[in-house]
Amino acid sequence: MKSLNEINRVTLGTFPTPIQKLENISRLLGTNVWVKRDDLTGIGLGGNKVRKLEFLMAEAREQGAEIVFTTGQAQSNHAMLTAACARKMGMEPILILKKRGVMGRKGNLLLEALMNTDVRFMDTDSYDDIYAEMDRVGKESGKKYYKIPCGGSNGLGALGYIDCVKEIADSGLHFDYIVCPEGSGGTHVGIALGAKMFLPDTTVIGAMVDDCSFEEITPEIMREACRILEADVTVKDEDVLHVKAWGEGYAIPSEEGNNAIKVMAENEGLFLDPVYTGKAFGALLRLAKEGKFKPTDNVLFVYTGGAGGLFAIDTQ
Ligand SMILES: *Cc1c(COP(=O)(O)O)cnc(C)c1O
């Protein structure tokens, strides 16, 4: 098996991110709750996509790309961070976004405008249409281009979260559970693989913020990540745990999520977002209420960023 250090990578963020205990929320819930501050990854407004982009952008550079394409919904944090990383590396970002979600010049679309990003919208529900459009635009430009999938969630991107687990293991702290939001799947896959390698006694739970078939998506990303690492790691289906957290649907604020945003803000002075971290932390609060965690347990919430969404999507 290859070590992560053998995989080509660029430095875009600031790592390791801090691990902090949420003292007030721990008291409130009667268990020990911690956060991995991946909102502080050091570029843009921070967030989980930076870890994936360190690997993806390295491949883009290796291939000599001048243009980097990616996609997502209108307020995609991933698209904004891809633009930020491309700018930092002197590449041209082109975002072809789904014409879905909050379209005004606020939140991540405002940040993209500040970076003078070429943002286009396509009225489609199919990412395949968008990837085809990337090829059309890329070929027409006559430049070398690199396509990053929605959420940066392929095997290469997921390696970033194996590295996150290595940081957690290196902290010397013991965690019974790791809870992370799950949108396009790469974060959960990386953490599940990393836990298998470095923290075999830790249970990983992905809080699904989108109603899609993760039981098909995650094994696919996992196989690809293992192929890149030439790793013979098998994570059994029963080890990949998912809980529902999407409410009425992706990027539609939910009562449980909105409440979690308030609980975190009022007790800890941290700001979760309505699309991912609010809903995922809402699921953590629900599990605590249902008695999932013992008083002596240590539960680590991976706080994956997303602040841009808080300024675009109404949570009231
Ligand atoms: C994309 C995103 C996630 C979900 O990560 P995936 O790897 O897509 O599952 C969680 N939180 C935030 C803030 C994100 O932008």
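Residues numbered from 1 in each chain as written. Predicted model: local features only at pLDDT ≥ 70, side-chain atom pairs only at ≥ 80, totals over all residues. Heavy atoms only, no water.

Asker: Please give an account of the sheet that holds strand S6 (residues 145-147) that cites residues and values.
Answerer: The four strands lie next to each other as S5-S4-S3-S6, forming an open sheet whose pairing is parallel. With one partner strand each, in any of the chains shown, strand S5 (118-122) and S6 form the two edges of the open sheet. Going across the sheet, the axis of each strand differs from the next one's by a mean of 20°, ignoring polarity. The pairing of strand S3 (residues 67-70) with S6 spans three bridges and is parallel. For phenylalanine 69, the partnering residue across the bridge sits in S6 and is lysine 147. (Pairing = 2+ DSSP bridges. Helix = DSSP H or I, 4+ residues; strand = E, 2+ residues; numbered from the N terminus. Axes fitted to C-alpha atoms, helices over the stretch in contact; angles between N-to-C directions.)

Asker: Can you lay out the pattern of salt bridges for me, pointing to particular residues and giving the numbers?
Answerer: A side chain with one charge can pair with a side chain of the opposite charge if their charged atoms come near. Evaluation of the coordinates by the stated rule reveals 20 salt bridges. Of the charged contacts, one joins glutamate 167 and arginine 51 as a salt bridge, the two residues approaching to 2.9 Å between their closest N and O atoms. Of the two residues, glutamate 167 sits in helix H6 (residues 155-170) while arginine 51 sits in helix H2 (residues 49-62), which places them 116 residues apart along the sequence. A relative accessible area of 1% means that arginine 51 is categorised as buried. Measuring nitrogen to oxygen at the nearest pair gives 3.6 Å for the salt bridge that ties lysine 143 to glutamate 92. Of this pair, lysine 143 sits in the loop between helix H5 (127-141) and S6 while glutamate 92 sits in strand S4 (residues 92-98), placing them 51 residues apart in sequence. Among the ionic contacts, a cluster of salt bridges with common partners joins Lys36, Asp38, Arg51 and Glu167. (Salt bridge = Lys/Arg side-chain N within 4 Å of Asp/Glu carboxyl O. Buried < 20%, exposed > 50% of the residue type's maximum accessible area, 1.4 Å probe, protein only.)

Asker: Mind laying out the pairing of S4, listing which residues take part and the relevant values?
Answerer: Burial of S4 is extensive: six of the seven residues sit out of reach of the surface. Pairing of S3 with S4, which is carried by four bridges, proceeds in the parallel orientation. The partner of isoleucine 67 across the bridge, within S4, is glutamate 92. For the crossover from S3 across helix H3 (residues 77-88) to S4, the handedness is right-handed. Of the pairings in the sheet, the one linking S4 to S5 comprises five bridges and is parallel in character. Bridge pairing links leucine 95 to valine 119 in S5. Chirality of the crossover, the property in question, places the unit of S4, helix H4 (residues 108-114) and S5 among those that are right-handed. (Right-handed = clockwise from strand over helix to strand, strands pointing away.)

Asker: A description of the site of the ligand should follow, citing residues and the corresponding values.
Answerer: For the ligand, the set of nearby residues contains 16 residues, the closest of which are Lys49, Lys52, Ser184, Thr187 and Thr304. With respect to the ligand, the side chain of threonine 187 contributes an N or O atom lying 2.6 Å from an oxygen atom. Take threonine 304: an N or O atom from its side chain is 2.6 Å from a nitrogen atom of the ligand. When the ligand sits alone it has 380 Å² of accessible area, and the protein chains cover 98% of it. For the shell around the ligand, the secondary structure elements donating two or more residues are H2, strand S7 (177-182) and helix H7 (186-198). (Near = heavy atom within 4 Å. Polar contact = N/O pair within 3.5 Å; in protein donor to acceptor, adjacent residues only side chain to side chain. Areas by Shrake-Rupley, 256 points an atom, 1.4 Å probe, with all protein chains shown as cover.)

Asker: For the packing of H2 against H6, give the residues involved together with the corresponding values.
Answerer: Each pair of packed helices can be summarised by the angle the axes make with each other and by the distance between the axes. Two elements in contact, H2 and H6, have axes whose closest approach is 7 Å; the angle formed by their N-to-C orientations is 135°. Taken together, the axes of H2 and H6 lie oblique to each other. Between H2 and H6 lies a crossing whose hand is right-handed. Where H2 approaches H6, its residues Arg51, Lys52, Phe55, Leu56 and Glu59 are matched on the opposing element by Leu156, Gly157, Leu159, Gly160, Tyr161, Asp163, Cys164 and Glu167. Residues of the contact of H2 with H6, tallied by class, amount to six nonpolar, two polar and five charged. (Parallel < 35°, antiparallel > 145°, perpendicular 65-115°, else oblique. Left-handed = near helix turned anticlockwise from the far one by under 90°. Contact = heavy atoms within 4.5 Å. Nonpolar A, V, L, I, M, F, W, Y, C, P; charged D, E, K, R; others polar.)

Asker: Describe H5, with residues and values.
Answerer: Helix length check: H5, at 15 residues, gives a terminal C-alpha distance of 21 Å against a target of 21 Å (1.5 Å per residue), a fit within 8%. Residues of H5 that are buried: Ile130, Met134, Val137 and Gly138. Burial along H5 is one-sided: seen end-on, the buried residues are contained in an arc of 100°. Seen from the open side of H5, the exposed residues pointing more than 90 degrees away from its buried face are Asp128, Lys139 and Glu140. Contacts from the buried residues of H5 go to S3, S4, S5 and S6. (Expected span 1.5 Å × (residues − 1). Arc of directions from axis to C-beta.)

The quantities given are spatial measurements derived from coordinates; they are silent on function.
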